[in-house]
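# Tertiary structure, described
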Amino acid sequence: MPNRLGIGSMSLGRPGIHDLPTKLHQASQFGYKGIELFFDDLDHLAKLLFDGDHISAAHHVRQLCVSLDLSIICLQPFWHYEGLLDRTEHERLLTEKLPKWFELARILDTDLIQIPSNFLPADAETGQPRTTGDMSVIVSDLQEIADLGLQQSPPFRFVYEALAWGNHINKWEDSWEVVERVNRPNFGVCLDTFNIAGRVYADPTSPTGKTPNADVELQASIARLRSRIDLSKVFYVQIVDGERLSAPLDESHPFYVKGQPARMNWSRNARLFAFEEDRGGYLPVLDVAKAFFDIGFEGWVSLELFNRSLADPDPSTPRNHAKRGFESWKKLVAALKLNTSDASSVYGLDGTVSPSTSALPVQHRL
């Protein structure tokens, strides 16, 4: 299977500022083949065109994706799920939210739902935690949702991702242990260069932007990844960089939000596409990404970017981000000699646009 280029729908413009159809058109025009669909984008479209009806919005998105030759990689994020201390909320998510997501995913023609590791903050009034780090509870919760997915016809898969600011699961090693212990055929992992390097290599609160033993610890983590990962459980990968901040992300920093982890605030404001060192990119993205492909990964390669630039109301924002992402992809394909037959066959590696693609209209309407 060749590697195929995808991008998060939220990575082309912020929902509520830039509409989903425009973003899908731009993704298609620049040769992307897959979309990680963020529920916020679907929700915004539903409110904008369908009186809040998510089912109608999903049908609309599916029809549009078919016309643009785009696949929905996954629906995401099904968040704040595993390890909840409030078991009533746990049941609500399984009995109310999950069936709706199954229905939406079927309409969107995807069998994959993404679960990020839980980062639910402590109770604002009591200061008490709302999640547990008890691995037996985390694993049991994820086995439960995986089993519900297997009971569907056709079955659904779940892809679990360790966020660098997760309460308890915040390294790829943690998420891999979870996947191994869940031990279900439909439960796998997403490997993300930002979240991997952003935890063991980067520290946005430090004047250096790095952890004390950044290089040694990252190389050790990469070595473990090469030796431990079972490719059959890697459902897709994400490749982006992070911006080296000019000052530590402390209480005086404009990205600071009280009560939120510094790495989360950094992530939401300052991710970059790979090879954007001119914009401040400094993570060893290529070292991490090379490990993914050296162990044999082939499949969806998604560029999941979050950045303050996505809130720019300029109508050209989706196009600019689609173009930047594609330029990053070209460099990645060249640097790692990736097996690919999608975007690089639409746009040459020198950036030349094929006649069929250049004839596509620029869309800024619903």
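For every chain, the first residue of its written sequence is number 1, and the numbers climb from 1 along that sequence. Given that the model is predicted, a residue must reach a pLDDT of at least 70 before its local features are reported, and side-chain atom pairs must reach 80 or more before they are shown or counted; all residues, however, enter totals for whole chains, interfaces and linings. Values shown for side chains rest on all heavy atoms present in the structure; no hydrogens or waters enter the calculation.

Under an unreviewed UniProt entry, the name given to the protein chain is Xylose isomerase-like TIM barrel domain-containing protein, and the organism recorded is Aspergillus bombycis.

## A look at the packing of helix α8 (residues 214-228) against helix α10 (residues 285-294)
Definition in use: Only C-alpha atoms enter the line fits that serve as axes; for helices the fit covers just the stretch in contact. Angles between N-to-C directions range over 0 to 180 degrees. Runs of H or I in DSSP of at least four residues are treated as helices and runs of E of at least two as strands, each being numbered from the N terminus. Small angles under 35 degrees read as roughly parallel and large ones over 145 as roughly antiparallel, with 65 to 115 read as roughly perpendicular and the rest as oblique. We call two residues in contact whenever any of their non-hydrogen atoms come within 4.5 Å of each other. Three classes are used, and their members are as follows: Ala, Val, Leu, Ile, Met, Phe, Trp, Tyr, Cys and Pro are nonpolar, Asp, Glu, Lys and Arg are charged, and the others, Gly among them, are polar.
Contact geometry of α8 with α10 gives a least axis separation of 10 Å together with a crossing angle of 10 degrees. Overall, the two elements α8 and α10 adopt an arrangement that is roughly parallel. Note on element contacts: α10 touches α8 through Asp 287, Val 288, Lys 290, Ala 291, Phe 292 and Asp 294, opposite Leu 218, Gln 219, Ile 222, Leu 225 and Arg 226. Class assignment for the residues of the contact of α8 with α10 results in six nonpolar, one polar and four charged.

## Things to note about the pairing of strand β4 (residues 112-116)
Formally: To sort residues, take the accessible area from a 1.4 Å probe on protein chains only and compare it with the maximum for the residue type: under 20% means buried, over 50% means exposed, and anything in between is partly exposed. Here, strands pair whenever DSSP counts at least two bridges between them. Throughout, right-handed denotes a crossover for which the path from the first strand over the helix to the second runs clockwise when the strands point away from the viewer.
With respect to burial, β4 is a largely interior element, five of its five residues being buried. Burial along β4 is two-sided: the face carrying Leu 112, Gln 114 and Pro 116 and the face carrying Ile 113 and Ile 115 are both buried. Two elements, β4 and strand β5 (residues 157-161), share five bridges in a ladder whose sense is parallel. Bridge pairing in β5 places Ile 113 opposite Phe 158. The parallel pair β4 and β5, bridged by helix α5 (residues 135-150), forms a crossover whose chirality is right-handed.

## Remarks on the nonpolar core
Quick note on the threshold: Think of a nonpolar core as a cluster: buried Ala, Val, Leu, Ile, Met, Phe, Trp, Tyr and Cys residues, connected wherever their side-chain atoms sit within 4.5 Å.
Core analysis: the largest hydrophobic core is formed by 104 residues, its most contacted members being Val 61, Leu 142 and Leu 191. For this core, the element with the highest residue contribution is helix α4 (residues 87-108), accounting for nine residues. Not counting residues up to four positions away in its chain, the partners in contact with Leu 142 are Tyr 81, Glu 82, Ile 115, Tyr 160, Val 178, Val 182 and Phe 187. Among the nonpolar cores identified, the runner-up in size contains eight residues, and Ile 73, Leu 112, Val 159 and Trp 300 belong to it.

## Focus on the UniProt feature "domain: Xylose isomerase-like TIM barrel" (unreviewed entry) in the protein chain
The line we're drawing: UniProt positions are given in the numbering used here, feature names are shortened, and annotations may be inferred rather than shown by experiment.
According to UniProt, the feature "domain: Xylose isomerase-like TIM barrel" (unreviewed entry) maps to residues 25-330 in the numbering used here. Overall, residues 25-330 shows 44% helix and 13% strand. The separation of its end C-alpha atoms is 20 Å.

## Quick notes on the pattern of salt bridges
For clarity, the cut-off: Every case where a carboxyl oxygen of Asp or Glu lies within 4 Å of a side-chain nitrogen of Lys or Arg is listed as a salt bridge.
Here the structure, examined in full by the defined rule, presents 21 salt bridges. We note a salt bridge from Asp 69 to Lys 33, for which the minimum N-O separation is 2.6 Å. Here Asp 69 is found in the loop between α3 (54-68) and β3 (71-76), whereas its partner Lys 33 is found in the loop between α1 (20-29) and β2 (34-38), with 36 residues between them in sequence. With relative accessibility at 22%, the residue Lys 33 sits in the partly exposed group.

## Examining the side chain of Thr 132
When you line up the elements, Thr 132 lands in the loop between β4 and α5. Ignoring sequence-local partners within four residues, the contact set of Thr 132 consists of Gly 83, Leu 85, Val 137, Ile 138 and His 168.

## Describing the side chain of Ser 175
Mapping Ser 175 onto the fold places it in helix α6 (residues 172-182). Judged by its relative accessible area of 1%, Ser 175 is buried. Here Ser 175 is in contact with Tyr 160, Ala 162, Ile 169 and Val 189, once residues within four sequence places are set aside.

## Notes on helix α2 (residues 39-49)
Here α2 has its buried residues at Phe 39, Asp 41, Leu 42, Asp 43, His 44, Leu 45 and Ala 46. Among the structural elements, α1, β2, α3, β3 and α4 are those in contact with the buried residues of α2. Positive phi shows up at Asp 51, right after α2, with a value of about 50 degrees.

## Digging into the packing of aromatic side chains
We apply this condition: Between the rings of Phe, Tyr and Trp (Trp by its six-membered ring), a pair exists once the centres lie within 6.5 Å; its type follows the angle of the planes, with under 30 degrees stacked, over 60 edge-to-face, and the other angles tilted.
Scanning the model with the defined rule gives 12 aromatic pairs in all. Between Phe 38 and Phe 306 the ring centres are 5.8 Å apart and the planes differ by 85 degrees, which places this aromatic pair in the edge-to-face class. Of this pair, Phe 38 sits in strand β2 while Phe 306 is found in the loop between β10 (300-303) and α11 (317-336), placing the two residues 268 residues apart along the sequence. The exposure class of Phe 38 is buried, given its relative accessible area of 5%. Residue class for Phe 306 comes out buried when judged on its relative accessible area of 17%. When the centroid spacing of 6.4 Å and the interplanar angle of 45 degrees are considered together, the rings of Tyr 201 and Tyr 282 count as tilted. Residue Tyr 201 is located in the loop between α7 (193-200) and α8, and its partner Tyr 282 is located in the loop between β9 (271-272) and α10; the two are separated by 81 residues in the primary sequence.

## Quick look at the environment of Thr 211
Among the structural elements, Thr 211 can be located in the loop between α7 and α8. Sequence separation between Thr 211 and Arg 199 is 12 residues, and the spatial gap between their C-alpha atoms is 8.5 Å. Residues contacting Thr 211, with those up to four places away along its chain left out, are Arg 199, Val 200, Tyr 201, Ala 202, Asp 203 and Arg 263.

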